[in-house]
Amino acid sequence: MNDQNCQMLVDQFYFVAGRMSKLRTSPIYIEDAEPMNLPALHMIDMIGKHPDYKLTQIAEILDVTKGAISQMAHKLEQKGLIRKVEHMENEKNIYFELTEEGWKIYNGHEKLHEEMYAKLKKMLSPYNDTDAEKVKQILQIMNDCLIVYGHL
């Protein structure tokens with residue numbers, strides 16, 4: 001790959017990363033619910049999909065600190081979207097479950113993803129699985145480069 005194309009890929013990568021960063025703090029509207037930010041939606045998603053995951057596991061998967069998950073859980077609990085559940089044998093093991101309102105958010109988020117992926121799949125239809133694998137490899141290389149050069 002020549003220097004110009006390499007720079008074009010890096011620029012596009014940073015542009016998309018910037019958009020994702022903005023999305024994390026922008027309000028997202030799910031049906032009749034109060035607007036939520038992306039990290040809160042993803043925590044609700046994790047709890048809905050993995051009710052057996054502890055606070056620590058959710059933090060690892062979402063790539064945030066346990067403290068951040070604890071704070072987010074507190075806010076979601078205050079809004080009546082989740083409940084904290086302590087393990088019977090070890091009360092240090094904290095689990096979460098969705099409330100009825102939490103399940104409404106979860107289902108609305110799933111619907112939003114279905115719509116988004118259907119549109120994305122249609123937009124990507126000119127490309128085949130080999131193309132997708134190449135893009136995945138390029139993104140992995142860029143991610144590895146960021147790790148090596150400490151830009152995380």
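Residues numbered from 1 in each chain as written. Predicted model: local features only at pLDDT ≥ 70, side-chain atom pairs only at ≥ 80, totals over all residues. Heavy atoms only, no water.

Mind showing me how you'd approach helix α2 (residues 38-49) here?
Since the α-helix turns once every 3.6 residues, residues separated by three or four places project in the same direction. Between its first and last C-alpha, α2 extends 16 Å over twelve residues, near the 16 Å set by a 1.5 Å rise per residue. Within α2, ten of the twelve residues are buried, which leaves it mostly tucked inside the rest of the structure. Regarding α2, the residues found buried are L38, P39, A40, L41, M43, I44, D45, M46, I47 and G48. Of the surrounding secondary structure, the elements contacted by the buried residues of α2 are α1 (3-25), α3 (55-62), α4 (66-78), β1 (82-86), β2 (94-98) and α5 (100-123). Between the side-chain oxygen of the N-cap and the backbone nitrogen of A40 there are 2.9 Å, and the N-cap of α2 in question is N37. (Helix = DSSP H or I, 4+ residues; strand = E, 2+ residues; numbered from the N terminus. Expected span 1.5 Å × (residues − 1). Buried < 20%, exposed > 50% of the residue type's maximum accessible area, 1.4 Å probe, protein only. Contact = heavy atoms within 4.5 Å. Polar contact = N/O pair within 3.5 Å; in protein donor to acceptor, adjacent residues only side chain to side chain.)

Looking at this structure, I do not really get the nonpolar core. What am I missing?
General note: in soluble globular proteins, nonpolar side chains tend to be found buried as a group. Ranked by internal contacts, the top residues of the largest apolar core, which has 23 residues, are M36, M43, I44, I47, L76, I82 and F96. Within the residue set of this core, elements represented by two or more residues are α2, α3, α4, β2 and α5. If you tally residues by element for this core, the top one is α2, at seven residues. Ignoring any residue separated from it by four or fewer positions in sequence, one finds I44 in contact with M36, L76, L81, L98, G102, I105 and Y106. (Core = buried A, V, L, I, M, F, W, Y, C linked by side-chain atoms within 4.5 Å.)

What is the right way to look at the confidence of the model for the chain in this model?
Low pLDDT means the predicted coordinates in that region are not meant to be read closely. Scored by pLDDT, the chain has a mean of 88; 96% of the residues are at 70 or more. The spread of mean pLDDT over the elements of the chain runs between β1, the lowest at 86, and α5, the highest at 93. (pLDDT = per-residue confidence, 0-100.)

What exactly am I supposed to notice about the layout of surface pockets here?
Regions of empty space are outlined by a rolling probe, equal in size to a water molecule, passed over the atoms. When its volume is computed, the largest pocket comes out at roughly 1,700 Å³. Taken together, 36 residues form the lining of the largest pocket, with V16, A17, M20, S21 and L23 sitting closest to its centre. Among the elements of the structure, α1, α2, α3, α4, α5 and α6 (129-148) are those that each provide at least two residues to the lining of the largest pocket. Ranked by residue count, the leading element in the lining of the largest pocket is α1, at eleven residues. Across the lining of the largest pocket, the residue classes tally to 26 nonpolar, eight polar and two charged. As for the second largest pocket, its lining consists of 13 residues, of which C6, V10, I141, M142 and C145 are closest to the centre. Elements supplying a minimum of two residues to the lining of the second largest pocket: α1 and α6. (1 Å grid on protein atoms, 1.4 Å probe; cavity = no way out; pocket = protein on both sides within 12 Å on 5 of 7 lines; lining within 4 Å. Points joined across faces, edges and corners; volume = space filled by probe spheres on them. Nonpolar A, V, L, I, M, F, W, Y, C, P; charged D, E, K, R; others polar.)

Sorry if this is basic, but what is going on with unusual backbone geometry here?
Glycine aside, residues mostly have negative phi, and peptide bonds are mostly found in the trans state. Located in the positive-phi region is D63, a residue other than glycine, with phi close to 60 degrees. Inspection of the secondary structure puts D63 in the loop between α3 and α4.

I would appreciate a short explanation of the pattern of salt bridges in the present structure.
The final tally for this structure, using the stated rule, is five salt bridges. The partner of E34 in a salt bridge is K79, with the nearest N and O atoms 3.4 Å apart. Of this pair, E34 sits in the loop between α1 and α2 while K79 sits in the loop between α4 and β1, placing them 45 residues apart in sequence. The shortest N-O distance in the salt bridge between E97 and R83 comes to 2.9 Å. One end of the pair, E97, is in strand β2; the other, R83, is in strand β1, with 14 residues separating them in the sequence. For E97, a relative accessible area of 34% gives the class partly exposed. Linked by salt bridges that have partners in common, D45, K49 and E110 make up one network. (Salt bridge = Lys/Arg side-chain N within 4 Å of Asp/Glu carboxyl O.)

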